[in-house]
Amino acid sequence: MRKQKMQGFTIAETLIVLLVVTSFIFIPVLASAPLQKKIEIEQFFAVFEKRFLACQQAAITGMLPTNILIDKTSIYFKTQISTGIKWSLLEIPDELSYTGVAKITFAMSSGNNSSLSKMKFYWKNQNKTVSYQMQLGSGRYIKKIE
């Protein structure tokens, strides 16, 4: 009876293949981390703008004044009517720092804001400032990215 020689990969060859395959997986993941942070910040601004408008609309439809309370870490959208949606608190991401007014009030029935308040978010990683300047009498804002 003849002994058959078994052929296969050595442990060194297997480890080299494993190293190459894992590098193909981890390099794109590591490269996408800054892009993911940028998308999170842009999503924060989109959510902020939608909630700003919803808070203003709640003042109009509920015939009650609504407020936006802003501190260094979070934004609280205070309405007198219950919407059933948990959207009143919005956390400000760590990459942003806020300067501006601490409270914005929308008048009942019109949703207007009687001040020329300015809200500024400084984006540290991009070295940009995103500002929202309130317009007198309309309750709208002008967004500037500088």
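Residues numbered from 1 in each chain as written. Predicted model: local features only at pLDDT ≥ 70, side-chain atom pairs only at ≥ 80, totals over all residues. Heavy atoms only, no water.

A.B. asks: Lay out the environment of K128 with the relevant residues and their values.
C.D. replies: Note that K128 resides in strand 7 (residues 128–134). Each C-alpha atom, one on K128 and one on I11, is 52 Å from the other, the two residues being 117 residues apart in sequence. (Helix = DSSP H or I, 4+ residues; strand = E, 2+ residues; numbered from the N terminus.)

A.B. asks: Provide a residue-level description of the pattern of salt bridges, including the pertinent values.
C.D. replies: Applying the stated rule across the entire model yields two salt bridges. Across the salt bridge formed by E95 and K37, the nearest N and O atoms sit 3.5 Å from each other. Of this pair, E95 sits in the loop between strand 3 (89–91) and strand 4 (96–100) while K37 sits in helix 1 (residues 11–62); the two residues are 58 residues apart in sequence, bridging distant segments of the chain. According to the relative accessible area criterion, E95 is buried, its value standing at 16%. Take K37: its relative accessible area is 40%, and that puts it in the partly exposed class. The salt bridge partner of E49 is K143, with a shortest N-O separation of 2.9 Å. Separated by 94 residues along the polypeptide, E49 in helix 1 and K143 in strand 8 (residues 141–145) bring together distant segments of the chain. (Salt bridge = Lys/Arg side-chain N within 4 Å of Asp/Glu carboxyl O. Buried < 20%, exposed > 50% of the residue type's maximum accessible area, 1.4 Å probe, protein only.)

A.B. asks: Explain the sheet that holds strand 8 residue by residue, including any values.
C.D. replies: To summarise the sheet geometry, strands pair through backbone hydrogen bonds and adopt either a parallel or an antiparallel arrangement. Across the sheet, which stays open at both edges, the four strands sit in the order 4-6-7-8 with antiparallel pairing between neighbours. Pairing within the sheet leaves two strands with one partner each, and these edge strands are strand 4 and strand 8. With strand direction ignored, the average angle separating the axes of adjacent strands in the sheet is 15°. Pairing geometry for strand 4 and strand 6 (residues 118–123), over five bridges, is antiparallel. When the bridges of strand 6 are listed, Y98 appears paired with F121. Running at roughly 170° to strand 6, helix 1 makes contact with strand 4, strand 6, strand 7 and strand 8 of the sheet. (Pairing = 2+ DSSP bridges. Axes fitted to C-alpha atoms, helices over the stretch in contact; angles between N-to-C directions. Contact = heavy atoms within 4.5 Å.)

A.B. asks: Would you mind going over the side chain of S74 in detail, with residue names and values included?
C.D. replies: In this fold, S74 is placed in strand 2 (residues 74–78). For S74, a relative accessible area of 12% corresponds to the buried category. Non-local contacts of S74, meaning those with residues more than four positions away in its chain, are made with L69, L89, L90, E91 and I92.

A.B. asks: Report on the sheet that holds strand 3, specifying residues and quantitative values.
C.D. replies: Ordered by their spatial adjacency, four strands build an open sheet running 3-2-1-5, and the pairing between neighbours is antiparallel. Of all the strands in the sheet, the pair left with one neighbour each is strand 3 and strand 5 (103–106). For this sheet the average axis-to-axis angle between neighbouring strands, irrespective of direction, equals 10°. Where strand 2 and strand 3 come together, three bridges link them in antiparallel fashion. Counterpart to Y76 in the pairing with strand 3 is L89.

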